[in-house]
Amino acid sequence: MMRHITRIKAKVSIYARKKTSNIFDGSYKSIYTGNGFEFDNLREYIPGDNIRDIDWKASSRSGNLLVKRYIAEKKHNVMLVFDTGKGMCADTKALQTKKEVVLNIGGTLGYIASRNGDQVGALYNRNGFIQYYPLKSGLDHLERILTGYEKEHFEDYQGDLEKSLDYLIKHIRRKMIICVISDAMGIKNIGDDTLKKLACQHDVLFVSISDADITSGQSYQIDKGMYIPEFISNNKRLQKLEQETKQRIYDENAKKLLKHRIVLTQIDNEEEIPNKVIELLERYKYANNC
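Residues numbered from 1 in each chain as written. Predicted model: local features only at pLDDT ≥ 70, side-chain atom pairs only at ≥ 80, totals over all residues. Heavy atoms only, no water.

## Here we look at the overall build of the protein
Then, in step 1: Summing up its helical and strand segments, the protein has 12 helices and 10 strands in all.
Then, in step 2: Within the protein, the proportion of its 290 residues that are buried is 49%.
Then, in step 3: Counted over contacts in the protein with a minimum sequence separation of 6, partners at least 24 positions apart contribute 73%.
Then, in step 4: By element, 50% of the accessible surface of the protein is carried by carbon and sulfur atoms, the whole surface being about 14,400 Å². (Helix = DSSP H or I, 4+ residues; strand = E, 2+ residues; numbered from the N terminus. Buried < 20%, exposed > 50% of the residue type's maximum accessible area, 1.4 Å probe, protein only. Contact = heavy atoms within 4.5 Å. Areas by Shrake-Rupley, 256 points an atom, 1.4 Å probe, with all protein chains shown as cover.)

## So, unusual backbone geometry
Then, in step 1: With a phi close to 60°, L95 is a non-glycine residue in the positive phi region.
Then, in step 2: You can see L95 is positioned in the loop between β3 (77-82) and α5 (98-115).
Then, in step 3: For R261, which is not glycine, the phi torsion reads 60° and is therefore positive.
Then, in step 4: For R261, the position within the fold is in the loop between α11 (236-258) and β10 (263-267).
Then, in step 5: Here R261 falls in the partly exposed class, since its relative accessible area comes to 40%.

## Focus on the pattern of salt bridges
Then, in step 1: Counting across every chain of the model gives 13 salt bridges.
Then, in step 2: Of the charged contacts in the structure, one is a salt bridge between K93 and D213, with a shortest N-O distance of 3.0 Å. With K93 in the loop between β3 and α5 and D213 in the loop between β7 (203-209) and β8 (220-221), this residue pair connects regions lying 120 residues apart in the sequence.
Then, in step 3: For D213, a relative accessible area of 13% corresponds to the buried category.
Then, in step 4: Note that K98 is salt-bridged to D183, the shortest N-O span being 2.8 Å. (Salt bridge = Lys/Arg side-chain N within 4 Å of Asp/Glu carboxyl O.)

## Some details on α5
Then, in step 1: Its 18 residues give α5 an end-to-end C-alpha distance of 25 Å, which sits within 8% of 26 Å, the value for a rise of 1.5 Å per residue.
Then, in step 2: At the exit of α5 stands G117, carrying a positive phi of roughly 85°. (Expected span 1.5 Å × (residues − 1).)

## Focus on the packing of aromatic side chains
Then, in step 1: The full count for this structure, using the stated rule, is 6 aromatic pairs.
Then, in step 2: For the pair Y124 and Y133, a centre-to-centre distance of 6.4 Å together with 40° between the ring planes defines the contact as tilted. By the burial criterion, Y124 is buried, and Y133 matches it.
Then, in step 3: Ring centres of Y124 and Y149 lie 5.2 Å apart, and the angle between their planes is 80°; this geometry places the pair in the edge-to-face category. Taken together, the residues span a long stretch of sequence, with Y124 in strand β4 (residues 119-126) and Y149 in helix α6 (residues 139-151) at a distance of 25 residues. (Phe/Tyr/Trp six-rings, centres within 6.5 Å; stacked < 30°, edge-to-face > 60°.)

## Focus on the packing of α5 against α6
Then, in step 1: Packing of α5 against α6 leaves a shortest axis separation of 10 Å and a crossing angle of 170°. Relative to α6, the element α5 lies roughly antiparallel. Along the contact surface, α5 presents K99, V102, L103, G106, G107, G110, Y111 and S114, while α6 presents L139, L142, L146, Y149, E150 and K151.
Then, in step 2: By residue class, the composition of the contact of α5 with α6 is 7 nonpolar, 4 polar and 3 charged. (Axes fitted to C-alpha atoms, helices over the stretch in contact; angles between N-to-C directions. Parallel < 35°, antiparallel > 145°, perpendicular 65-115°, else oblique. Nonpolar A, V, L, I, M, F, W, Y, C, P; charged D, E, K, R; others polar.)

## Focus on the sheet that holds strand β6 (residues 177-183)
Then, in step 1: An order of β5-β4-β3-β6-β7-β10 is seen for the 6 strands of this open sheet, with the pairing classed as mixed. Looking along the sheet, the strands with just one partner apiece sit at the ends: β5 (129-136) and β10. Each adjacent strand pair in this sheet contributes to an overall mean axis angle of 15°, direction not counted.
Then, in step 2: As judged from the 5 bridges shared by β3 and β4, these two strands associate in the parallel manner. Residue pairing across strands places N77 opposite Q119, the latter belonging to β4.
Then, in step 3: Of the strands in this sheet, β3, β4 and β5 are in contact with α6, which crosses β4 at around 15°. (Pairing = 2+ DSSP bridges.)

## Let's talk about the environment of L109
Then, in step 1: As for its placement among the helices and strands, L109 is situated in helix α5.
Then, in step 2: For L109, a relative accessible area of 6% corresponds to the buried category.
Then, in step 3: Apart from the residues lying within four places of it in its own chain, the contact partners of L109 are L80, C179 and V277.

## Quick look at the nonpolar core
Then, in step 1: Ranked by internal contacts, the top residues of the largest apolar core, which has 37 residues, are L80, F82, I105, Y149 and L205.
Then, in step 2: The dominant element in this core, judged by the number of residues it contributes, is α5, at 8 residues.
Then, in step 3: Ignoring sequence-local partners within four residues, the contact set of L80 consists of G106, L109, V120, G121, A122, L123, L142 and C179.
Then, in step 4: Counting 22 residues, the second-largest nonpolar core is a separate cluster that includes I172, V180, I190 and I262. (Core = buried A, V, L, I, M, F, W, Y, C linked by side-chain atoms within 4.5 Å.)

Treat this as a map of the structure, not an account of what it does.
Have a look at this one:
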């Protein structure tokens, strides 16, 4: 049973009804602008499409707003790169398990891509070995990816996100949209040279999952198997220092990525995933149309 897809589909559908039924499709399809690609046909405008692709003459004749459709828009190759390791067993700022949030983000992006008829693949580091799911279309394939990741026991893993990205650079040559899902420290540890090579070959998006506040009073230390002591979590000076440090790391990560035209968004809880996915796609378009 496709339990992951059913849950994600429900969330996306609920959000779409609140906003506009095609906002996901419009933002997603517009990752690739039409410039430089072979014209194929026309279709009706979807909110989020690049207004430069509107065919005003054809729109005037038909009475509907039409945009030019290009060959490259028809099928994308979307590669999901998941972080692993003990860090993914920790909680987010909203006290949700990072691993579960990764599944929901990857599932949302994969569902949108699959619904568009695109091919989706995934890879992650299994304690030094790369688990690779080749690019394929269909929701059954996406469900296999999500189920495989869910079954991993990261408590015994050492995460190495850069090794996963290095595998992509060396072994997969076709043009892809790469969606990297990690946390602040995972992104911080990626070398500048790796990002440069990755961005030269592909379109790259990053999602940073937040960390629980050690001063929240409910933060659990995975390595030590205990909660943060109360005298630490209630320390006002430490609370302020923690927030300043987290913001500094996020800003440094965003600056490092933007240098290579890679955009970043942060997600604190599962409920904001649809909004943040839209924000990520829109910011990508803005960064690459400037």
